[in-house]
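Here is how the chains run, residue by residue.
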Amino acid sequence: MPTIYAASTDGYVRNWITGGPSWATVRDATSGNQASSTSAGTANAIQAYGNASRGGQIAVWRSFFAFDTSGISSNVASATINLRGVTAGDANVIGVKATKPDLSTNLTTADFDAITGFSAGASMSGNVTDYTSEVTTWSTSGYNSITLNANALTRMKNDSVFAICFVEYDHDYLNVAMAYGDGAIRSGLMYQDRSGTSQDPYIEYTLGYGNAVCGVPSGDIAAIDGILTANISKVSGV
């Protein structure tokens, strides 16, 4: 199956405030206070955090990835995004449609809310475009292979850059406040900047049927008589 590796612009944006901030002050901010597209990986990649020290601390970390999908012109029948996990693996996570990064511009603190449909004060559920289901188990010693949904498959075909953000599900995505003393709920992963490609984020995909049927281009055909095009090698013996 074809493979696309993440661009070097992948990384995280976090917002972390001490001194008694409210959950909303941190989670709903339009900018974070740290961004990195040069990290090789971190245990804090996807996180919601509450700590009672220093008058109260709240933190949210979100991880962003970009993939070059300009070479895809046919329907994508199926795809997985594969993220190499590291310690820790506490957080349930979900992938959602993002507006950053692109293939050449590194993340900045202004990209903290670069999630299509994000609305301050509201749950992401029903407002953003989900690209995956909730992921409830996280390997810290191998790849996490996460199925991309129909929304994502369509964007892989139609967009030259496929951008996705992974967020912590139970608090950040659902907008359920972290309390001081809740501690860190986090899942770690490796980014593209780690030396070599053996632990890089990548997408693996299969295309749909590759030929026109009755004059209809294959890129516009998802299934024939209910059979996914990826499972069709011939039509009427041809």
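Thresholds, definitions, all that
- Residues numbered from 1 in each chain as written.
- Predicted model: local features only at pLDDT ≥ 70, side-chain atom pairs only at ≥ 80, totals over all residues.
- Heavy atoms only, no water.
- Phe/Tyr/Trp six-rings, centres within 6.5 Å; stacked < 30°, edge-to-face > 60°.
- Helix = DSSP H or I, 4+ residues; strand = E, 2+ residues; numbered from the N terminus.
- Buried < 20%, exposed > 50% of the residue type's maximum accessible area, 1.4 Å probe, protein only.
- Core = buried A, V, L, I, M, F, W, Y, C linked by side-chain atoms within 4.5 Å.
- Contact = heavy atoms within 4.5 Å.
- Arc of directions from axis to C-beta.
- Polar contact = N/O pair within 3.5 Å; in protein donor to acceptor, adjacent residues only side chain to side chain.
- Pairing = 2+ DSSP bridges.
- Salt bridge = Lys/Arg side-chain N within 4 Å of Asp/Glu carboxyl O.
- Lys, Arg positive; Asp, Glu negative; His and termini not counted.

Caption draft 1: Looking closely at the packing of aromatic side chains. Summed over all chains, the structure comprises 10 aromatic pairs. On the basis of an interplanar angle of 80° and a centroid distance of 6.3 Å, the ring pair of Phe65 and Phe166 is categorised as edge-to-face. Within this pair, whereas Phe65 is found in strand S5 (residues 57-68), its partner Phe166 is found in strand S9 (residues 161-168), the two being separated by 101 residues in sequence. A residue is classified by how much of its surface remains accessible, and Phe65, at 0% relative accessible area, is buried.

Caption draft 2: The nonpolar core, seen in detail. Grouped together as the largest cluster of nonpolar side chains are 32 residues, with contacts concentrated most on Leu148 and Met156. Setting aside residues up to four positions removed in sequence, Met156 forms contacts with Thr69, Ile72, Val76, Ala79, Leu148, Phe162, Ile203 and Tyr205. Counting residues in hydrophobic clusters, the runner-up holds 24 residues, among them Val26, Val60, Phe64 and Ile94.

Caption draft 3: Representation of helix H2 (residues 150-158) in the model. Listed as buried for H2 are Ala152, Leu153, Met156 and Lys157. One side of H2 holds all its buried residues, which, seen down the axis, span an arc of 135°. Residues of H2 that are buried make contact with strand S6 (76-89), S9 and strand S11 (202-207). One side-chain oxygen of the residue at the start of H2 lies 3.1 Å from the amide nitrogen of Asn151, identifying that residue as Asn149.

Caption draft 4: Main features of unusual backbone geometry. Note that the residue after Thr87, namely Ala88, is joined by a cis bond; omega there is 10°. Relative to the assigned elements, Ala88 resides in strand S6. Residue Pro101 follows Lys100 across a cis peptide bond; omega there is 0°. Relative to the elements of secondary structure, Pro101 occurs in the loop between strand S7 (93-97) and strand S8 (143-147).

Caption draft 5: Geometry of the pairing of S7. Extensive coverage of S7 is indicated by the burial of 4 of its 5 residues. Bridge analysis of S7 against S9 gives 5 bridges, and the strand direction is antiparallel. Bridge pairing in S9 places Ile94 opposite Val167.

Caption draft 6: Layout of the environment of Ile115. Here Ile115 is to be found in the loop between S7 and S8. Relative accessible area serves as the criterion here: at 4%, Ile115 is assigned to the buried category. Here the alpha-carbon distance between Ile115 and Lys100, two residues 15 residues apart in the chain, equals 7.8 Å. For Ile115, the contacting residues outside a window of four places in its chain are Arg62, Phe64, Val96, Lys97, Ala98, Thr99, Met124, Val128, Cys165 and Val167.

Caption draft 7: Here's a closer look at the environment of Tyr180. For Tyr180, the location among the structural elements is in the loop between helix H3 (169-173) and strand S10 (183-190). The sequence separation of Tyr180 and Pro21 amounts to 159 residues, and the corresponding C-alpha distance is 9.8 Å. What Tyr180 contacts, discounting residues up to four positions off in sequence, is Gly20, Pro21, Ser22, Gly50, Asn51, Ala52, Gly56, Gln57 and Ile58.

Caption draft 8: Just the environment of Gly188, in detail. Locating Gly188 in the fold gives a position in strand S10. Under the relative-accessibility criterion, Gly188 is labelled buried at 0%. Each C-alpha atom, one on Gly188 and one on Asn44, is 5.4 Å from the other, the two residues being 144 residues apart in sequence. Look past the residues within four positions of Gly188 in its chain and what remains in contact with it is Thr42, Ala43, Ala45, Arg84, Gly85, Val86, Thr87, Ala88 and Trp138.

Caption draft 9: Structural detail: the pattern of salt bridges. Enumeration over the complete set of coordinates arrives at 5 salt bridges. In this structure, the salt-bridge partner of Arg27 is Asp172, at a minimum N-O distance of 3.4 Å. Taken as a pair, Arg27 in helix H1 (residues 23-27) and Asp172 in helix H3 lie far apart in primary sequence, 145 residues in all. For the pair Arg27 and Asp172, a shared accessibility class is recorded, and that class is buried.

Caption draft 10: Highlighting the side chain of Glu168. Following the sequence through the fold, Glu168 ends up in strand S9. One buried charged residue, Glu168, forms no salt bridge at all, with the nearest opposite charge on Arg27 at 8.2 Å. Polar side-chain contacts of Glu168 include one of 2.8 Å to the backbone nitrogen of His171. A distance of 2.8 Å separates a polar atom in the side chain of Glu168 from the backbone nitrogen of Asp172. Sequence-distant contacts of Glu168, defined by excluding residues within four places in its chain, comprise Ile46, Gln47, Ala48, Ala91, Asn92, Tyr173 and Ile185.

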